[in-house]
2 protein chains.
Amino acid sequence: MIKIENKFLNRIVTYFFDASMEELKNLVDGEIVFVTDRNIFNLHQQKFASQKTIVIEAGEAFKQQASVDYIIAELIKIGATRKTTLIGVGGGVVTDITGYAASVYMRGINFAFVPTTILAMVDAAIGGKNGVDVGLYKNLVGTINQPQFLLYDFNFLQTLPNEEWVNGFAEIIKHACIKDEKLFTDLENNSVDIYKKDVQFLSNLIKKNATIKTNVVIEDEFEKGDRKLLNFGHTFGHAIENLHQLPHGYAVSIGMCMAAKISEEINGFYSEDKLRLEKLLKQYHLPTQCSFDKANVFEILKKDKKRYDASIDFILLNKIGEAKIQSIPLTQLKDLMNQIL
Amino acid sequence: MIKIENKFLNRIVTYFFDASMEELKNLVDGEIVFVTDRNIFNLHQQKFASQKTIVIEAGEAFKQQASVDYIIAELIKIGATRKTTLIGVGGGVVTDITGYAASVYMRGINFAFVPTTILAMVDAAIGGKNGVDVGLYKNLVGTINQPQFLLYDFNFLQTLPNEEWVNGFAEIIKHACIKDEKLFTDLENNSVDIYKKDVQFLSNLIKKNATIKTNVVIEDEFEKGDRKLLNFGHTFGHAIENLHQLPHGYAVSIGMCMAAKISEEINGFYSEDKLRLEKLLKQYHLPTQCSFDKANVFEILKKDKKRYDASIDFILLNKIGEAKIQSIPLTQLKDLMNQIL
């Protein structure tokens, strides 16, 4: 087990890599209550044997207030106190909801995560953003509050469906695009199958990506500046994700292609690099385009959290490995969408 | 208008005393959205004329997640962004819900309060605790997050029902009990009617009480120690409040009498001081006892946020003007309840 301490603004968050869920009992003082989804619970029942466990329905469609209400009601039934630690075991939906429920139950109790998907391991479980969707609007309600720790147990990846592997690589490729050209090249020289076969190689990739995300967040926890770079591909991505019920990584992959086109159009991003990005996404079995109703997408953009008045903070690429924030008027974004997407 | 800046952990909160709601437009950059309840809205419609206003139903029964869901839905309709300031105009229910909705909408937008009741002016609007009840369990869900400012407009007191005046004095008497014997004596020498008739005299009382509460909170914002003293009368108070649908101050008044009896029994609090407290509460038209089902009350105590494992952090009086925190086993509390209450 490798232990790394990360110093966020109000809390040190410990990451336990190459660990096992059995070690949790040594890491937590006081009562543990688990939150997981029905898929994980059914696939890994022995891990939850004789543990207090709250099981929510699986999938983004259940990332809504009703699931939080359910968790709160169960915590009351269990008799959870301010000394209880809530541990979310699952993908991004479970970790986001668990972090949110723990942040508001009794005005905040301790919580931690065991991310079980590639996406949660490199992205969703990191950085303290938690919350739920409101109808089609992604993550419209939540808080920013760091967990006590993350525990990485690669055992869970043995039951991860292929689509979920692919899904996670979208955020890995995003990290390479905005922060790390060397990682981009490494990814070009490998494939999902290679990473699947070599757990140590995969572990290094996950550690590297967890570190990229963590460093960006530590520099700007409350997203006044550079943390916004992590939204590369997410403005259009979020808009099409719930509209078309796409997996998050698939939507972000398409969103990155759209943002790359806009970067080419207004930020001098090289056409060859745009094609290189599209090629890499395809190599990892990710989609690079989809047909969508522009009017509907534009309506959702208008409700984006990153919008201020009539403009939106949009993430453009300067080159592979380097991104920038640019405020783009919604009217211009609409024109760009109509012209080039 | 008197302006006082209070330095909390993460934010300076400005209190504008002797102010008028019309001055808000000079205090806020960007869009304002008001939240108020139907009573306030109907009584003071001109104050909300041509303002974006979300109206919730009045009363503790509506201090539930459903009201937060409604506010969030209205904010989406209005198109509120991260630059919107949400201003709660009302009593404690409105300020608690508004603070909570603002703390989670888009993971937190600015908010401020215009408290319209005595209770909100001296207590509920101060200190950053926000949230909602869950069924009968008071404030079981919420966050601690400070508003940008409080604005005191005594105009609202002209329409305040007498019961609400009485209600507010319970928390004023509580402040005197735990922190200020001089204030206790002042209260003994006056009455609700005297304060009602002299707005400057009342204004001074409100400023003094806002300051007492503020100083306690600033010393211990996240309630690790002395902030708990503010819970004097609230452990039994909360338990009977929703069970018997009592106004908050009435429940706290009865709760203070119960806590005084327990203080006499196990903390050497003088019997004469207990009688002095009961006399003062009666002088302000507050109830000092009620019949209640002990088994029901005990069930609610078991879910109290201040409970840790098998004990509860209970507030006892040493003397008038001085309180202490004592961890009392639930079993002992049950015995005390059966013996002396």
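Our subject is the structure listed above.
Not measured: the values here are computed from a predicted model.

Engineer: Sorry if this is basic, but what is going on with the overall build of chain A here?
Structural biologist: When helices and strands are counted, chain A shows 14 helices and 12 strands. Taking 2.2 N^0.38 as the reference for a compact globule, 341 residues should give roughly 20 Å; the C-alpha atoms of chain A span a radius of gyration of 19 Å, in line with that estimate. Within chain A, the fraction of its 341 residues that count as buried is 60%. Long-range pairs, those at least 24 residues apart, make up 70% of the contacts in chain A between residues at least 6 apart in sequence. For chain A, the accessible area works out to roughly 12,900 Å², and carbon and sulfur atoms hold 48% of it.

Engineer: Would you explain the packing of aromatic side chains in this entry?
Structural biologist: To describe a pair of aromatic rings, you give the distance between the ring centres and the angle between the ring planes. By the definition in use, this model includes 20 aromatic pairs over all chains. Geometrically, the ring pair formed by Phe41(A) and Phe48(A) is tilted, given 5.6 Å between the ring centres and 40° between the ring planes. Under the relative-accessibility criterion, Phe41(A) is labelled partly exposed at 22%. Taking 6.1 Å as the distance between ring centres and 80° as the angle between the ring planes, the aromatic pair formed by Tyr15(B) and Phe17(B) counts as edge-to-face. The buried category is assigned to Tyr15(B), whose relative accessible area is 3%. For Phe17(B), a relative accessible area of 1% translates into the label buried. Members of the aromatic cluster, joined through ring pairs, are Phe169(A), Tyr195(A), Phe201(A) and Tyr284(A). For the cation-ring pair, Lys47(A) lies above Phe156(A), with the distance from its terminal atom to the ring centre recorded as 4.8 Å.

Engineer: Before we go on, may I ask you to explain the sheet that holds strand β10 (residues 307-308) of chain A in this structure?
Structural biologist: In a beta sheet, neighbouring strands are held together by backbone hydrogen bonds and run either parallel or antiparallel to one another. All names here are of chain A. Spatially, the three strands line up as an open sheet ordered β10-β11-β12, and their pairing is antiparallel. Two strands in the sheet have a free side with no partner beyond their single neighbour: β10 and β12 (322-329). Most of the contacts of helix α14 (residues 330-340) go to β12, to which it runs at about 110°, and overall it touches β10, β11 (311-319) and β12.

Engineer: Explanation requested: unusual backbone geometry in the structure shown.
Structural biologist: Its identity as a non-glycine residue notwithstanding, Glu223(A) has a phi of 55°, on the positive side. Counting through the fold element by element, Glu223(A) comes out in the loop between α9 (199-219) and α10 (234-243). Owing to a relative accessible area of 8%, Glu223(A) belongs among the buried residues under this scheme. The phi dihedral of Gln245(B) is positive, around 50°, even though this residue is not glycine. Relative to the elements of secondary structure, Gln245(B) occurs in the loop between α9 (234-243) and α10 (248-267).

Engineer: How do you make sense of the relation of the copies chain A and chain B when you look at a structure like this?
Structural biologist: Two copies of one chain are present, and they are related through a rotation about an axis combined with an axial shift. Note on the copies: chain A fits chain B at an RMSD of 0.0 Å, the axial shift is 0.0 Å, and the rotation between them is 180°. Both copies of the chain, as the preceding transformation shows, are related through a two-fold rotation axis. When you check the interface residues of chain A against chain B, 97% turn up at the interface there too, and the contact is symmetric in its surfaces.

Engineer: Which parts of the structure should I look at to understand the nonpolar core?
Structural biologist: One broad trend across soluble globular proteins is that nonpolar side chains are buried collectively. Core analysis: the largest hydrophobic core is formed by 200 residues, its most contacted members being Leu86(A), Tyr152(A), Ile173(A), Leu187(A), Leu86(B), Ile173(B) and Leu187(B). Among all residues touching Ile173(B), those that are not within four sequence positions of it are Leu187(B), Met256(B), Leu277(B), Leu280(B), Leu281(B), Tyr284(B) and Leu286(B).

Engineer: Looking at this model, I keep getting lost on the pairing of strand β7 (residues 129-134) of chain A. Mind explaining?
Structural biologist: On any regular strand, side chains alternate: one points to one face of the sheet, the next to the other face. All names here are of chain A. Taken together, the five bridges between β7 and strand β8 (residues 137-144) define a ladder with antiparallel strand orientation. Within β8, the residue paired with lysine 129 across the bridge is isoleucine 144. Connecting β7 to the next strand, β8, in antiparallel fashion are two residues, including glycine 135 with a positive phi near 60°.

Engineer: Would you explain the packing of helix α13 (residues 294-301) of chain A against α14(A) in this entry?
Structural biologist: The relative placement of two packed helices comes down to the angle between their axes together with the axis-to-axis distance. All names here are of chain A. Two elements in contact, α13 and α14, have axes whose closest approach is 11 Å; the angle formed by their N-to-C orientations is 155°. As far as their axial angle goes, α14 and α13 are roughly antiparallel. When you trace α13 past α14, the crossing you get is right-handed. Where α13 abuts α14, its residues Lys294, Val297, Phe298 and Leu301 lie against Leu330, Leu333, Lys334, Met337 and Asn338. Grouping the amino acids of the contact of α13 with α14 by side-chain chemistry returns six nonpolar, one polar and two charged.

Engineer: What is the right way to look at helix α7 (residues 181-188) of chain A in this model?
Structural biologist: Helical geometry note: an α-helix holds 3.6 residues per turn, so side chains three or four residues apart project in the same direction. All names here are of chain A. Among the residues of α7, Leu183, Phe184 and Leu187 are the ones counted as buried. Take α7 and look down its axis: the buried residues cluster within an arc of 105°, on one side only. Buried residues along α7 sit against α6 (162-179), α8 (192-197), α9 and α12 (271-283). Put simply, aspartate 180 is the residue that caps the front of α7, since its side-chain oxygen is 3.2 Å from the backbone nitrogen of lysine 182.

Engineer: Please explain the interface of chain A and chain B as it appears in this structure.
Structural biologist: Frequently, the measure chosen for interface size is the accessible area that the parts lose on association. On the chain B side, the residues contacting the 33 residues of chain A number 32 residues. A per-residue breakdown of the area chain A buries against chain B is headed by Ile76(A), Arg82(A) and Arg107(A), which together make up 25% of the total. At the boundary of chain A with chain B, the tally comes to zero salt bridges. Taken together, the connections running from chain A to chain B amount to six residue pairs in polar contact (both at pLDDT 80 or more). Going through the elements one at a time, α3 (65-78), α4 (92-104), β7, β8 and β10 of chain A are the ones with two or more residues in the side of chain A that touches chain B. Broken down by element, the side of chain A that touches chain B gets its largest block of residues, seven residues, from β8(A).

Engineer: Which parts of the structure should I look at to understand the side chain of Asp153(B)?
Structural biologist: Position of Asp153(B) relative to the elements: it lies in the loop between β9 (149-151) and α5 (162-179). Look past the residues within four positions of Asp153(B) in its chain and what remains in contact with it is Ala19(B), Ser20(B), Met21(B), Lys47(B) and Met121(B).

What counts and what doesn't
Residues numbered from 1 in each chain as written. Chains lettered and ligands numbered in written order. Predicted model: local features only at pLDDT ≥ 70, side-chain atom pairs only at ≥ 80, totals over all residues. Heavy atoms only, no water. Helix = DSSP H or I, 4+ residues; strand = E, 2+ residues; numbered from the N terminus. Rg over C-alpha atoms; globule rule 2.2 N^0.38 Å. Buried < 20%, exposed > 50% of the residue type's maximum accessible area, 1.4 Å probe, protein only. Contact = heavy atoms within 4.5 Å. Areas by Shrake-Rupley, 256 points an atom, 1.4 Å probe, with all protein chains shown as cover. Phe/Tyr/Trp six-rings, centres within 6.5 Å; stacked < 30°, edge-to-face > 60°. Lys NZ or Arg CZ within 6 Å of the ring centre and 35° of its normal. Pairing = 2+ DSSP bridges. Axes fitted to C-alpha atoms, helices over the stretch in contact; angles between N-to-C directions. Least-squares fit on C-alpha atoms with pLDDT ≥ 70 in both. Core = buried A, V, L, I, M, F, W, Y, C linked by side-chain atoms within 4.5 Å. Parallel < 35°, antiparallel > 145°, perpendicular 65-115°, else oblique. Left-handed = near helix turned anticlockwise from the far one by under 90°. Nonpolar A, V, L, I, M, F, W, Y, C, P; charged D, E, K, R; others polar. Arc of directions from axis to C-beta. Polar contact = N/O pair within 3.5 Å; in protein donor to acceptor, adjacent residues only side chain to side chain. Buried area = accessible area lost by both parts, 1.4 Å probe. Salt bridge = Lys/Arg side-chain N within 4 Å of Asp/Glu carboxyl O.

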